[in-house]
Amino acid sequence: MRRLTLAAGIIVALGSLQPAAARDVTGFAAQLDMAMQEVQVRYGFPGATAAIALPDGTIVTTATGLADVETGRAMTAATPMLAASIGKTFVAATILMLESEGRLSRSDPLAAHLGDRAWFDRLPNGDSMTIDQLLHHSAGLPDHVHLPAFQTAWAQMMQDGRIIQPDDLVGFVLRMEPLFDAGAAWAYSDTGYILLGLVIEKVTGQRYTDILRRRFLDPLALSGTFASDSKDLPGLAVGYVAPDNRFGLPERTADPQGRLLWNPAVEWTGGGLASTSSDLARWGHLLFGGAALTQPYLDRMLDSVSVAPDDPGIRFGAGVAIHADTPHGPAYGHGGWIPGYVSSLRHYADHGVTVAFQINTDAGLMDGESDLIPVLEARLADLATGFVR
């Protein structure tokens, strides 16, 4: 496979830094570039981007490889990819914002907001779950993404282009048995975040994507982040999948013009965004630094539940995974996977650094065949925290 590497960049003018600091950051950018080159040579993925936000907000970026293998289009730091479930961090932040404004409470029963839906009485644990439990994946809801009925609907969507609407996504879990009593355990559920999206739109009377743009993306200068609500997403890197993937996609998931062969609008508030590593690092820097909202929210966001009783070091807050015992202290963040793309966002609280990367393939990355993701997370964490020590 052809390999191309672009030089690392620094997205904050260095004129505001002392000369010695500027030289240090320039050297650090070269180290980041080298690290990504070495990892690509070792694992042979098509392309990737990475970004590290330093404590002062300086963002160092790099890109390696190809955004489109067939045409030879280079990956750049500005190339967007599907961010997948990292979008849940924006959904959770929106809920916390609405709570700060007194428009809802995390303790609200879901029924207080969606109880008038025709399907609500058939929702597992619908009569007992709260907004807070949906945020924490502790509502006992099945996950529609892994159900055979959804896989069938996905295949049909590939054929006829029909968009599966949010209420229809919820429909896949109706009349199913709950996984456990609401609040009694933990189980990841995209369906729960679809319900949160419906709550947001019910409370505000606005489209979620409009709220997101007006309250977060524009004010926080996240210009490389946008709704992944159509097949035609400007500049998107082509995603590549394994030939035997469960979604029945060809290895190249876009047509010759780069247009997706499937409609990512199906993800909605389960993720629902295309972004760049630079924007993800900036978002993580602001979100986990307590600066994404005008009202205090960090304590509420980091209020967490256990993911597994036998692994107390991993917990889940409001849209955030908390790894309490990494070699660099606690890490807050979220991963993202969708056919053809894998993303990672981690903030190392003791050091004030945020690390993000995106790769335009998921082949072998989510089924345990490859250790690329944990290796790259560890490599970039060592680099980032070592620089600020």
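What counts, and where the lines are drawn
Residues numbered from 1 in each chain as written. Predicted model: local features only at pLDDT ≥ 70, side-chain atom pairs only at ≥ 80, totals over all residues. Heavy atoms only, no water. Pairing = 2+ DSSP bridges. Helix = DSSP H or I, 4+ residues; strand = E, 2+ residues; numbered from the N terminus. Phe/Tyr/Trp six-rings, centres within 6.5 Å; stacked < 30°, edge-to-face > 60°. Buried < 20%, exposed > 50% of the residue type's maximum accessible area, 1.4 Å probe, protein only. Contact = heavy atoms within 4.5 Å.

## Observations regarding the sheet that holds strand E6 (residues 226–227)
Here's step 1: Sheet architecture is open: 3 strands sit in the order E5-E7-E6, paired in antiparallel fashion. Of all strands in the sheet, those with a lone pairing partner are strand E5 (81–82) and E6, marking the two edges.
Here's step 2: Sheet topology note: the E5/strand E7 (residues 273–275) ladder contains 2 bridges and is antiparallel. If you follow Leu-82 over to E7, its bridge partner there is Ala-274.

## Description of the packing of aromatic side chains
One pair of aromatic rings is described through two measures. These are the centre distance and the angle between the planes.
Here's step 1: Tallied over the entire structure, the rule returns 12 aromatic pairs.
Here's step 2: Plain terms: the ring middles of Phe-288 and Tyr-332 are 6.1 Å apart, the flat faces sit at 55 degrees to each other, and that makes the pair tilted. Remark: Tyr-332 occurs in strand E11 (residues 329–338) and Phe-288 occurs in helix H9 (residues 277–288); sequence separation between them is 44 residues. For the pair formed by Phe-288 and Tyr-332, the shared burial category is buried.

## Digging into the pairing of E11
Here's step 1: Judged by how many residues are buried, E11 sits mostly within the fold: 8 of 10 residues are covered.
Here's step 2: Bridging between strand E10 (residues 321–326) and E11 involves 4 bridges; their strand directions are antiparallel. Following the sheet pairing, Thr-326 is matched in E11 by Gly-329.
Here's step 3: Where E10 folds back on E11, the antiparallel hairpin that results is connected by 2 residues.
Here's step 4: In terms of strand pairing, E11 meets strand E12 (residues 341–348) through 8 bridges, oriented antiparallel. From the neighbouring strand, Gly-333 faces E12, where its bridge partner is Arg-346.

## Regarding the environment of Trp-119
Here's step 1: Within the fold, Trp-119 resides in the loop between helix H3 (111–114) and helix H4 (131–135).
Here's step 2: Residue Trp-119 is classed as buried on the basis of its relative accessible area of 8%.
Here's step 3: Linking Trp-119 and Arg-175, residues 56 residues apart in sequence, is a C-alpha distance of 9.5 Å.
Here's step 4: Sequence-distant contacts of Trp-119, that is, excluding residues within four places in its chain, are made with Leu-114, Asp-167, Val-170, Leu-174, Leu-195 and Leu-198.

## A short note on the pairing of strand E2 (residues 47–53)
Here's step 1: The buried fraction of E2 is high, at 7 of 7 residues.
Here's step 2: Neither face of E2 is left uncovered, since the one carrying Gly-47, Thr-49, Ala-51 and Ala-53 and the one carrying Ala-48, Ala-50 and Ile-52 both have all their residues buried.
Here's step 3: Where E2 and strand E3 (residues 59–68) come together, 7 bridges link them in antiparallel fashion. If you follow Ile-52 over to E3, its bridge partner there is Val-60.
Here's step 4: As consecutive antiparallel partners, E2 and E3 are separated by 5 residues, and within that stretch Gly-57 has a phi angle of approximately 95 degrees, a positive value.

Geometric descriptors of this kind do not, in isolation, establish any biological role.
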